[in-house]
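Residues per chain, in single letters:
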Amino acid sequence: MLTFGAVAEGRALRGALEAWLATHGIKLVPHGCAEDLPGSYWGAPEAGIESDQLHVRDDTPLHSLLHEACHLVCARAAGRPDFARDAGSDEREEDAVCLLQLMVADRLPHVGWRRLAVDMDAWGYRFMVGSTAAWFGRDSVAARDWLVSKGLHPVGLH
């Protein structure tokens, strides 16, 4: 599973990730591997969210980092600017978050949506059509529509 620590070592990948986060006003807050992560819904090493901060450790899975970052982006688009730990989303928004994290992964050097989909499946994401890749390719239309309705235009989707 690809982790933030692996991303941090790759200069181009970390730069692309930080640039994307910055465009959404999200502050990446790295923590030491022995530290708890503020705002983590599942507990460390899973990423945590508080207001505009995304808390991670080197062992935080990239899919978790992207998922929580996308919760911040989608919540703001839905009109919920500040929250901690739980984004309070419904099923449609949760699907939109999953789609957005795959879209972002596809724009990150050396990651891609297929790689992230494998990590999501390994972690335990479940979709009615089976795998994350199957959902992305065949059943994510409602999630795409949600993103568009909130002004988050899915450009370059597969």
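It should be noted that the structure appears before, not after, this text.
The structure contained in this document is the topic of the report that follows.

Thresholds, definitions, all that
- Residues numbered from 1 in each chain as written.
- Predicted model: local features only at pLDDT ≥ 70, side-chain atom pairs only at ≥ 80, totals over all residues.
- Heavy atoms only, no water.
- Helix = DSSP H or I, 4+ residues; strand = E, 2+ residues; numbered from the N terminus.
- Rg over C-alpha atoms; globule rule 2.2 N^0.38 Å.
- Buried < 20%, exposed > 50% of the residue type's maximum accessible area, 1.4 Å probe, protein only.
- Contact = heavy atoms within 4.5 Å.
- Areas by Shrake-Rupley, 256 points an atom, 1.4 Å probe, with all protein chains shown as cover.
- Pairing = 2+ DSSP bridges.
- Axes fitted to C-alpha atoms, helices over the stretch in contact; angles between N-to-C directions.
- Patch = residues over 30% accessible without salt bridge, like charges linked within 9 Å, V, L, I, M, F, W, Y side chains within 5 Å.
- Salt bridge = Lys/Arg side-chain N within 4 Å of Asp/Glu carboxyl O.
- Disulfide = S-S within 2.5 Å.
- Parallel < 35°, antiparallel > 145°, perpendicular 65-115°, else oblique.
- Nonpolar A, V, L, I, M, F, W, Y, C, P; charged D, E, K, R; others polar.
- Core = buried A, V, L, I, M, F, W, Y, C linked by side-chain atoms within 4.5 Å.

## Focus on the overall build of the protein chain
No. 1: Across its full length, the protein chain holds 7 helices and 3 strands.
No. 2: Its helices and strands in sequence order give the protein chain the pattern α-α-β-β-β-α-α-α-α-α, from N to C terminus.
No. 3: In terms of overall dimensions, the protein chain is globule-like: its C-alpha atoms have a radius of gyration of 14 Å, near the 15 Å expected for 158 residues.
No. 4: Here the protein chain holds 158 residues, and 46% of them are scored as buried.
No. 5: A separation of at least 24 residues holds for 57% of the contacts in the protein chain among residues at least 6 apart in sequence.
No. 6: Carbon and sulfur atoms provide 52% of the accessible area of the protein chain, an area that totals close to 7,500 Å².

## Considering the pairing of strand S3 (residues 53-57)
No. 1: The buried fraction of S3 amounts to 4 of the 5 residues, a majority that puts the element mostly inside the structure.
No. 2: Of the pairings in the sheet, the one linking strand S1 (residues 27-31) to S3 comprises 5 bridges and is parallel in character. Pairing of Pro30 across the sheet is with Val56, part of S3.
No. 3: One ladder, built from 3 bridges, connects strand S2 (residues 48-50) with S3; its direction is antiparallel. What sits directly across from Glu50, in S3, is Gln53.

## Side note on the sheet that holds S1
The pairing of strands in a sheet comes from backbone hydrogen bonds and takes either a parallel or an antiparallel form.
No. 1: Across the sheet, 3 strands lie side by side as S1-S3-S2; this open sheet has mixed pairing. Looking at strand neighbours, the two that pair on one side only are S1 and S2, the edges of this open sheet. The mean inter-strand angle of the sheet, taken between neighbouring strand axes irrespective of direction, is 25°.
No. 2: Across the face of the sheet, helix H3 (residues 62-77) comes into contact with S1, S2 and S3 while running at roughly 175° to S3.

## Notes on a nonpolar patch on the surface
No. 1: Taken together, the side chains of Met1, Tyr41, Trp42 and Trp123 define a hydrophobic patch exposed on the protein surface, amounting to about 460 Å² of accessible area.
No. 2: Turning to its location among the elements, Trp123 is positioned in helix H5 (residues 112-123).
No. 3: When its relative accessible area of 33% is taken as the criterion, Trp123 is described as partly exposed.

## Quick notes on the state of the cysteines
No. 1: Enumeration over the complete set of coordinates arrives at 0 disulfides.
No. 2: The closest cysteine sulfur to the non-disulfide-bonded Cys70 is located on Cys74, 6.3 Å from its own sulfur.
No. 3: Given a relative accessible area of 0%, Cys70 falls into the buried group.
No. 4: By relative accessible area, which is 0% here, Cys74 ends up buried.

## With respect to the packing of helix H4 (residues 91-107) against helix H7 (residues 141-149)
No. 1: Where H4 meets H7, the closest approach of the two axes is 8 Å, and the angle between their N-to-C directions is 90°. The orientation of H4 with respect to H7, classified from their angle, is roughly perpendicular. Residues Arg92, Glu93, Asp95, Ala96, Leu99, Leu100 and Met103 of H4 lie in contact with H7, whose contacting residues are Ala142, Ala143, Arg144, Trp146 and Leu147.
No. 2: Grouping the constituent residues of the contact of H4 with H7 by class yields 8 nonpolar, no polar and 4 charged.

## Quick word on the nonpolar core
A general trend in soluble globular proteins is that nonpolar side chains are found buried together.
No. 1: Counting residues in each nonpolar core, the largest one holds 47 residues, and the members touching the most others are Leu54, Leu65, Leu66 and Leu147.
No. 2: Counting residues per element, the ones that place at least two in this core are helix H1 (4-9), helix H2 (11-23), S3, H3, H4, H5, helix H6 (132-138) and H7.

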